[in-house]
Amino acid sequence: MLSVLSLVARRLLTLIPLVLGITIFVFVIMQFSPIDPALSVLGDQATPAQVAAFKAANGLDDPLPLRYLHFLGDLLRGDLGVTFPPSVPVADKIATALPLTIQLTALGIVGALVIALGLGIPAALYRDRWPDQIIRFVSMAGIAMPSFWLALLLIQELSVRRPVFPTGGYVNPGDSFSLWLQSLAMPALALAVPVGCSLARIVRTSMVEELDKDYVRTAIGAGLPPRVVIGRNVLRNALVNPLTVLGLRIGYLLGGTVVIEAIFSLPGMGTQIMSAVQQNDTALAQGTVLTIAICFVFVNLVVDILYLFANPRLRGAH
């Protein structure tokens, strides 16, 4: 237990320079944006004197390192700036939008895991036979299917032709859990299918490698039921590689929410990013991108900890 806690502590310490680097990268990129914050607020008809006064009042004329230090200080206080008119704190907009994106991403992860295990395990157990060939075809089709195209197909089939799910909108789970699940089912499925199908190939490969190892033949030869050996040993060891890849695929899920939320009219982080781009709102764009990047880093930390628990041999290697 102490070794696990020390590994977690080391992972947390490595996050400090990583998060700092993310803030520097996002800040510098936004500073070199062709969009002038002064003109975004004051309008294109603003006089040079008005633009100069705005920049002086907001510290936009300060040297870049000093502006970054001010930005970092505000960030540590939870101040991400305000949106351009109407002036609303960016942190408030993110606090409203982020829970929906987290819910959608979490459902996408659950769906991807169900698809990956549901396809990958039978493919490994029936390798090179007809179930494996069918699953391989289905997996390749799912990998090649863009999320936005699948989302449009789902709307056409399950909302227009057969009105099973709503075409869009969001229901808070506190108001109605069933309606909440209905509002996010199709968006989550559109995100989950490409990720789940790609993970299914990795699950199959990992399980085939484990099934070919000597300890599996020894355990089955000793009289242990195959389902016990597979469930207790093979599956646990085989999930290490898929868990590692899943951490990287979460970035795809978070990025995919930008388009999926727009298609299904979901007021999440993706919608906020689209709104920031359309309105030339640099503060909102900077805050949303920074929040998503930091969320991605912390999710990967959780995945790292999970596969440390999934494979005790990794803990002993440190």
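Residues numbered from 1 in each chain as written. Predicted model: local features only at pLDDT ≥ 70, side-chain atom pairs only at ≥ 80, totals over all residues. Heavy atoms only, no water.

Trainee: Account for the overall build of the protein, naming residues and giving values.
Mentor: From N to C terminus, the protein includes 14 helices and zero strands. Going residue by residue from the N terminus, the α and β elements of the protein occur as α-α-α-α-α-α-α-α-α-α-α-α-α-α. In terms of its C-alpha atoms, the protein occupies a principal-axis envelope of roughly 85 × 55 × 35 Å. For the protein, the proportion of contacts with a sequence separation of at least 24, taken over those separated by at least 6, is 73%. Summed over its atoms, the accessible surface of the protein is roughly 16,800 Å², and 68% of this surface lies on carbon and sulfur atoms. Distance between charge centres in the protein, computed from 21 positive and 18 negative side chains, equals 15 Å. (Helix = DSSP H or I, 4+ residues; strand = E, 2+ residues; numbered from the N terminus. Contact = heavy atoms within 4.5 Å. Areas by Shrake-Rupley, 256 points an atom, 1.4 Å probe, with all protein chains shown as cover. Lys, Arg positive; Asp, Glu negative; His and termini not counted. Charge placed at Lys NZ, Arg CZ, Asp CG, Glu CD.)

Trainee: Can you break down helix α12 (residues 269–278) residue by residue, with the values?
Mentor: Turning to α12, its buried residues are Met269, Gly270, Gln272, Ile273, Ser275 and Ala276. Just beyond α12, the residue with positive phi is Asn280, at close to 55 degrees. (Buried < 20%, exposed > 50% of the residue type's maximum accessible area, 1.4 Å probe, protein only.)

Trainee: An account of the side chain of Asp132 is needed here, citing residue identities and associated values.
Mentor: Relative to the elements of secondary structure, Asp132 occurs in helix α6 (residues 130–143). For Asp132, a relative accessible area of 0% gives the class buried. Sequence-distant contacts of Asp132, that is, excluding residues within four places in its chain, are made with Ala123, Tyr126, Arg127 and Arg204.

Trainee: Which residues make up a nonpolar patch on the surface, and what are the values?
Mentor: Side chains of Phe148, Trp149, Leu152, Leu153 and Val259 sit close together on the surface and give an oily, nonpolar patch of about 460 Å² of accessible area. With respect to the element layout, Val259 can be found in helix α11 (residues 240–263). By relative accessible area, Val259 is classed as partly exposed at 43%. (Patch = residues over 30% accessible without salt bridge, like charges linked within 9 Å, V, L, I, M, F, W, Y side chains within 5 Å. Salt bridge = Lys/Arg side-chain N within 4 Å of Asp/Glu carboxyl O.)

Trainee: Lay out the packing of aromatic side chains in plain terms, naming residues and giving numbers.
Mentor: On inspection of all chains with the given rule, the structure shows four aromatic pairs. Judged by centre distance (5.2 Å) and plane angle (25 degrees), the rings of Phe27 and Phe71 are stacked. Residue Phe27 is located in helix α1 (residues 2–31), and its partner Phe71 is located in helix α4 (residues 64–76); the two are separated by 44 residues in the primary sequence. There is no split in this pair, since Phe27 and Phe71 are both buried. Summarising the aromatic geometry, the rings of Tyr68 and Phe71 are spaced 6.3 Å apart at their centres and angled 45 degrees between planes, so their arrangement reads as tilted. With Tyr68 and Phe71 both in helix α4 and three residues apart, the pair spans about one turn of that helix. Judged by relative accessible area, Tyr68 falls into the buried class, the value being 12%. With a relative accessible area of 11%, Phe71 lands in the buried category. (Phe/Tyr/Trp six-rings, centres within 6.5 Å; stacked < 30°, edge-to-face > 60°.)

Trainee: Mind laying out the side chain of Thr105, listing which residues take part and the relevant values?
Mentor: Within the secondary structure, Thr105 is located in helix α5 (residues 90–125). A relative accessible area of 6% places Thr105 in the buried class. In contact with Thr105, not counting residues within four places along its chain, are Leu253, Leu254 and Thr257.

Trainee: Got a sec to walk through the packing of α5 against α12? Specific residues and values, please.
Mentor: Each pair of packed helices gets described by two things: the angle between the helix axes and the distance between those axes. Packing of α5 against α12 leaves a shortest axis separation of 7 Å and a crossing angle of 135 degrees. One finds that α5 runs oblique with respect to α12. Touching Lys93, Ile94, Ala97, Leu98 and Thr101 of α5 are Met269, Gly270 and Gln272, all from α12. Grouping the constituent residues of the contact of α5 with α12 by class yields four nonpolar, three polar and one charged. (Axes fitted to C-alpha atoms, helices over the stretch in contact; angles between N-to-C directions. Parallel < 35°, antiparallel > 145°, perpendicular 65-115°, else oblique. Nonpolar A, V, L, I, M, F, W, Y, C, P; charged D, E, K, R; others polar.)

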